[in-house]
Amino acid sequence: MTTESKQKSPAHALREYGSQTPGTKGIPGKRRYSMVIDLRKCIGCMSCVVACKAEYGVPLGVWRTWVMVADKGRYPDSRRIFMPRLCNHCDYPICVRNCPTQATFKHEEGFVLQRYNRCIGCRTCVIACPYNARHFLPAKRTNNNLPVLVVDKCTFCIHRVKKGLVPACVQACVGGARIFGDVNDPKSEVARLVAREKLTVLKPELGTSPSVYYIGGDWEIMDEPHNYKHRTAQQKEEFNTYKRNHHGDAFGDIVEGENTMYHVGKNMSDFLASIPHKFFDVVAALKKLLFA
Amino acid sequence: METIITYNAVHHNPWGTPITIYFWLVGASAGSFVLSAFGWVFGIKRYKPLALTASILAIVMLMIVPVLLIWDLGKPFRFIYLMLPGYWHGTAPMSWGTLLILSYPLSMFVYTYFVIKNNQKWAKITGIIAIVLALSTHWYTGVVMELNPGRYLNHTPLAPLLFLTGAFISGIGLMILVLWIQNQFTRPEKRIKWELMEEMAQYMMYGIVFDFFLLFLDFMQTQYGTASEYLAHGTVLMEIFFTPYIWLEIVIGLLIPLILLVTPLKRTRIGVYGAAFLVAVGVYGMRVWWVMGGQYIQSFY
Ligand code: SF4
Ligand code: SF4
C-alpha cells in the first residue's frame, strides 16, 4: 500500500470534526509537516530536551519533549534503548475535538497549536490526549511575560518552520535521529523514509493518526501497560516524590503505597490553597487592563 | 528478553478531588430531584409533601458546583468563554455540559416556583423539562470522561448508567436523611410518614441491585478486555484505589446497605437511616476511583 492510499483510507475521513482542519496527510497540494524519529540513531543524549527547554523556557517538571529510556535483556546480554516523545500532531486529535473553547486547534499544515488567550485552563485536553503531550503551566514563571495557568504543548516549532528552519529539537539532535519535513512532498526526506522504512506510531488503535513516526520502535517501550508494570523501583520512587510535591496545580495525584483517601483529602486542601493565587492573577490582569 | 523502563518523564493527573466532589454533588442533586418530581410530574400523590424539600436540596447542592468548577479552572474568570459564541465548541462534551449545568438549576427554580404556588399544570410541564435536564446533566458527567479513548478505565458506554444509578441511590439516601432531620423540627401532622421513608428505601434497594449488576458488567469487560483494561481493574482499582473501590463503594455503599434493606432490618429506623447514610457516603468512592483511577496508569507513560 502506498503512503498516499494508506492515509486516504475512509476510516480516517470519518473522524474530521471539531475545530480542526481536515486530515491533510497524502492530500496533493497541501503541506503536512511530520517527524520521523530513527531510534537506531538515538543515543539518549537528551540534547533535544535541553534545546526545547531553552527555546520555550519550559518550566521545571513539565515537558514538551522528553526521552524515555529502557534496559532490554539481562547482563551481559543487555542493551539500552531510547524513545523520544513529543506531541504527535495527530491528524485527528482528540485534544482538539474535546476543547470547549476552541483554544486548541489544528493548523491546515498539520500543527496542533494552543491559543493561550482562549485557554481557560480546564485541562480537558490533558485528559483527552492519550500521549501525555500536554501540560499545565504553573502559577509562577521566571519570566513574567510567559503565560501561566493555561495548558501548553509542543508546537512543532511553527515559528522556526515558517522561517525555513527545522524545529529546535531536530536542529539539536546529535545523532541525526529526528527528521522533520513535509510528508506530502515526495522529495522530502520524511516522505522518502515514510515510503521506504518500516514505521510504527504510538497507540495506532486510537485512530488519532499520529504524525510522529518511529523507525526501529520496540513494542515494549511503546506499550502503556508494559510501561506501568515494568518500572524500576527508583522510577516508582521518583513518581511518588513528584506526585507528593505537586504544588497546587494538579489535584488528582495519588501516591502509590500510601493511603489513597489521605491524598484525596490533601488534594482538596491544595485546591483550596490554590484559589488565592488564581484570584491575584485575575486582579493583576484587571489592573493591567484598567491602568496600564 | 525483558525490557525495564529506567527513565520516563513524570506527569500529573490533571483532574482531582474538586471534580470528584462535583460529580457527587450533581448526582445527589439529580437523584433528589427525581424524588421531587414523583409527586408533581408522575402524579404519585403521596410524594407531594416532600417535593419542596427535595427540590430545595437539589438546588442547594447545585449551588456549590460552580464554586468548585470555576476555581478549578486555571483562569477562573474566563469561565464566560464557555458560553460565548465564537468560543463555544460543539464537539466538546464540556460544552454540552456547560449548557446543561446552566439550564438545569434555572429549570429547577421555575419548577420550584410553581410547586410553591401549587400550580399543578405548570409544575408538571416545567418538572418534565427539569427532570430531563437533571438526568442529562448527570449523564454528561459520565460522558465527559468516557469520550476519551485513551483513558481505558473510563472509556466504557456503561459510564452514564453507572453515574445515573449512583445518582439515584445517593439522592434517595441523602433525601431520607434530610427528611429525618426535617421531621425533628416539624409538627407531628406535618411530618413525612415513616411508610414513605420505607418505600424510598426500597427504591434505593432496587438501585443498589442494579448498580451491582453494572459493576459486574464492568468487571467482566475488564477481565476479558485489552491489556490496558485488565491492568486498569487488576492493578489500579484492586491495589491503588482499593479503599474507595472495594471499601467505600462496594462494602460501605452497596453491600452493607443491601443487607440492611433485604433483611427484617428494613422495617427499622436503624436499617433505613443507616442504609441511607452509608449509600450517600459510599457513592463518593465511585467518584474517586472513576476520576483519579482513570488517569492513573497514563501518568506513568
Ligand atoms: S499528541 Fe495529544 S496533544 Fe498532540 S495532537 Fe495528539 S492528542 Fe493532541
Ligand atoms: S485547558 Fe485550554 S486548551 Fe485545554 S481544553 Fe481547556 S480551554 Fe481547551
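Structure shown above.
Below is a short write-up of the structure. All figures in this text were calculated on a predicted structure; none of them were measured in a lab.

### Some thoughts on helix 7 (residues 227-240) of chain B
Next, step 1: Those residues of helix 7 of chain B not exposed but buried are S228, E229, L231, A232, H233, T235, V236, L237 and I240 of chain B.
Next, step 2: Lining the buried residues of helix 7 of chain B we find helix 10 (224-229) and helix 12 (260-291) of chain A together with helix 6 (194-223), helix 8 (242-262) and helix 9 (269-296) of chain B.

### Description of the interface of chain B and chain A
Next, step 1: Between chain B and chain A, the residue contacts involve 66 residues of the former and 89 residues of the latter.
Next, step 2: Contact between chain B and chain A buries roughly 7300 Å² in total, counting both sides, with carbon and sulfur atoms accounting for 61%.
Next, step 3: Here chain B is connected to chain A by 2 salt bridges.
Next, step 4: The salt bridge involving E2 of chain B is made with R74 of chain A; its shortest N-O contact spans 3.6 Å.
Next, step 5: Listing elements by their share of the side of chain B that touches chain A, those giving two or more residues are strand 1 (3-7), helix 1 (17-40), helix 2 (48-72), helix 3 (93-116), helix 7, helix 8 and helix 9 of chain B.
Next, step 6: Counting residues per element, the side of chain B that touches chain A draws most heavily on helix 7 of chain B, at 6 residues.
Next, step 7: When grouped by side-chain class, the residues that make up the side of chain B that touches chain A number 40 nonpolar, 21 polar and 5 charged.
Next, step 8: Here strand 2 (residues 65-74) of chain A pairs with strand 1 of chain B via 4 bridges, running antiparallel.

### Quick look at the packing of aromatic side chains
Next, step 1: In the structure shown here, the tally under the stated rule is 30 aromatic pairs over all chains.
Next, step 2: Between F156 of chain A and F180 of chain A, the ring centres sit 5.0 Å apart and the planes meet at 85°, which makes this aromatic pair edge-to-face. Of the two residues, F156 of chain A is situated in the loop between strand 7 (151-153) and helix 6 (158-161) and F180 of chain A in strand 8 (residues 178-182); the sequence distance between them amounts to 24 residues.
Next, step 3: By relative accessible area, which is 12% here, F180 of chain A ends up buried.
Next, step 4: Centroid distance F210 of chain B to F213 of chain B: 6.3 Å. Interplanar angle 40°. Geometry classified as tilted. Note that F210 of chain B and F213 of chain B are positioned in helix 6 at a spacing of 3 residues, about one turn of the helix.
Next, step 5: When its relative accessible area of 36% is taken as the criterion, F210 of chain B is described as partly exposed.
Next, step 6: Counting every residue linked through ring pairs, the aromatic cluster contains Y22, F23, F163, Y245, W289 and W290 of chain B.
Next, step 7: Positioned above the aromatic ring of Y92 of chain A is the side chain of K106 of chain A, whose terminal nitrogen or guanidinium carbon lies 6.0 Å from the ring centre.

Here is what the cut-offs are and how they apply
- Residues numbered from 1 in each chain as written.
- Chains lettered and ligands numbered in written order.
- Predicted model: local features only at pLDDT ≥ 70, side-chain atom pairs only at ≥ 80, totals over all residues.
- Heavy atoms only, no water.
- Buried < 20%, exposed > 50% of the residue type's maximum accessible area, 1.4 Å probe, protein only.
- Helix = DSSP H or I, 4+ residues; strand = E, 2+ residues; numbered from the N terminus.
- Contact = heavy atoms within 4.5 Å.
- Buried area = accessible area lost by both parts, 1.4 Å probe.
- Salt bridge = Lys/Arg side-chain N within 4 Å of Asp/Glu carboxyl O.
- Nonpolar A, V, L, I, M, F, W, Y, C, P; charged D, E, K, R; others polar.
- Pairing = 2+ DSSP bridges.
- Phe/Tyr/Trp six-rings, centres within 6.5 Å; stacked < 30°, edge-to-face > 60°.
- Lys NZ or Arg CZ within 6 Å of the ring centre and 35° of its normal.

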